[in-house]
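Letter by letter, the chains look like this.
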Amino acid sequence: MAEDSFSATIITSNLETRFIGQRVIYHPQLTSTMDVARQEARQGAAGGTVIMAGEQTAGKGRLKRVWLSPRGSVALSIVLYPEMSYLPYLIMLASLAVVHSIKVVTGLEAQIKWPNDILINGKKVCGILIESDVQGSQVAYAIIGIGINVNFRLSDFPEIRSTATSLADEVARDVSRIAIIQCLLREIERLYLVLPEGEHIYWEWRDRLATLGRKVQVVSGKTTLEGTAESVARDGSLLLRHSNGSSTKIVAGDVRLRVRNHVA
Ligand code: BTN
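Residues numbered from 1 in each chain as written. Predicted model: local features only at pLDDT ≥ 70, side-chain atom pairs only at ≥ 80, totals over all residues. Heavy atoms only, no water.

**Observations concerning the overall build of the protein**
Counting secondary structure elements, the protein contains six helices and 14 strands. In terms of overall dimensions, the protein is globule-like: its C-alpha atoms have a radius of gyration of 18 Å, near the 18 Å expected for 264 residues. Principal-axis analysis of the C-alpha atoms places the extent of the protein at approximately 55 × 45 × 30 Å. Within the protein, the fraction of its 264 residues that count as buried is 52%. Taking contacts inside the protein between residues at least 6 apart in sequence as the whole, the part at least 24 apart equals 63%. Total accessible area computed for the protein in this model is approximately 12,400 Å², and 49% of it derives from carbon and sulfur atoms. Averaging the locations of the 30 positively and 26 negatively charged side chains of the protein gives two centres separated by 6 Å. (Helix = DSSP H or I, 4+ residues; strand = E, 2+ residues; numbered from the N terminus. Rg over C-alpha atoms; globule rule 2.2 N^0.38 Å. Buried < 20%, exposed > 50% of the residue type's maximum accessible area, 1.4 Å probe, protein only. Contact = heavy atoms within 4.5 Å. Areas by Shrake-Rupley, 256 points an atom, 1.4 Å probe, with all protein chains shown as cover. Lys, Arg positive; Asp, Glu negative; His and termini not counted. Charge placed at Lys NZ, Arg CZ, Asp CG, Glu CD.)

In structure tokens, the structure reads:
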């Protein structure tokens, strides 16, 4: 299907989900899909509402970073109203769904790098941002934001070229964003609906983390810690084992995987 026919209706038709993506708001250009999703959530938008942008002019990454999403990207946010106990699982199910969709549509094997990066051959192809509004013991709303580098060439973006890749660069052809998005929304819904049935999402996420067992540097705020990424807890935190035997629980940070004497 031609990429110029990208629209909300095309995503929704034949999607056959129960709620995720049954309402899609598409803008060819937006500042950030997170901003629109937040407004929608505050106005009580239906759970599963998806905000999509053809390109973002002020895309948001983790830790208040800028997220580059030029034309050819997938940039979307999903509005959800999960139970409090499900919040830590959103990053896990979103990561698993991205890896699945990339595999189904392109055949490529992607890896998950703690906490929220999806890599292909060591380079970042997707970032995931979870935003939530918790009031007391209730989740007012949660938003899963997903940005995938699909049909643009990193040679046009020298500022991220050494650390990022795109699906089109990896397979040397354009990839259907429609197929990626539909597969992603179906898989997110499937995983979301089985959350009450147990912990297999945690175990699957844990098994797919490229980080575990590796020597890593973790940059958390102004602190850089070194050690072996030993395990992850059900709340999504990382346990770092230091060479002196002590350990640190890391809730947020950036992991650099050590490759021999280098870091990546
Ligand atoms: C990260 O790796 O730092 C997270 C990047 C998340 C980017 C996505 S693109 C869709 C949604 N809208 C945004 O502004 N950010 C998220």
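On we go from here.
**Considering the packing of helix 3 (residues 89-106) against helix 6 (residues 200-208)**
The description of two packed helices rests on the angle between their axes and on the distance between the axes. Their axes nearest at 9 Å, the elements helix 3 and helix 6 cross at an angle of 60°. Taken as axis vectors, helix 3 and helix 6 run oblique relative to one another. Between helix 3 and helix 6 lies a crossing whose hand is left-handed. Here Tyr89, Met92, Leu93, Ser95, Leu96 and Val99 of helix 3 lie close against helix 6, whose contacting residues are Ile201, Tyr202, Glu204, Trp205 and Arg208. Its residues assigned to classes, the contact of helix 3 with helix 6 shows eight nonpolar, one polar and two charged. (Axes fitted to C-alpha atoms, helices over the stretch in contact; angles between N-to-C directions. Parallel < 35°, antiparallel > 145°, perpendicular 65-115°, else oblique. Left-handed = near helix turned anticlockwise from the far one by under 90°. Nonpolar A, V, L, I, M, F, W, Y, C, P; charged D, E, K, R; others polar.)

**Structural notes on the pattern of salt bridges**
Tallying each qualifying case throughout the model produces 15 salt bridges. Residue Arg38 pairs with Asp35 through a salt bridge whose shortest N-O separation is 3.3 Å. Of the two residues, Arg38 and Asp35 are both situated in helix 2 (residues 33-42); the distance of three residues between them amounts to about one turn of the helix. The shortest N-O distance in the salt bridge between Lys60 and Asp35 comes to 3.2 Å. Placement of the pair is Lys60 in strand 2 (residues 50-60) and Asp35 in helix 2, with a sequence separation of 25 residues. (Salt bridge = Lys/Arg side-chain N within 4 Å of Asp/Glu carboxyl O.)

**A few points about the side chain of Ser32**
Tracing the backbone shows Ser32 in the loop between strand 1 (24-30) and helix 2. Overall, Ser32 belongs to the buried group, its relative accessible area being 1%. If we ignore the near neighbours within four places in the chain, the residues touching Ser32 are Gln56, Ala58, Gly59 and Lys60.

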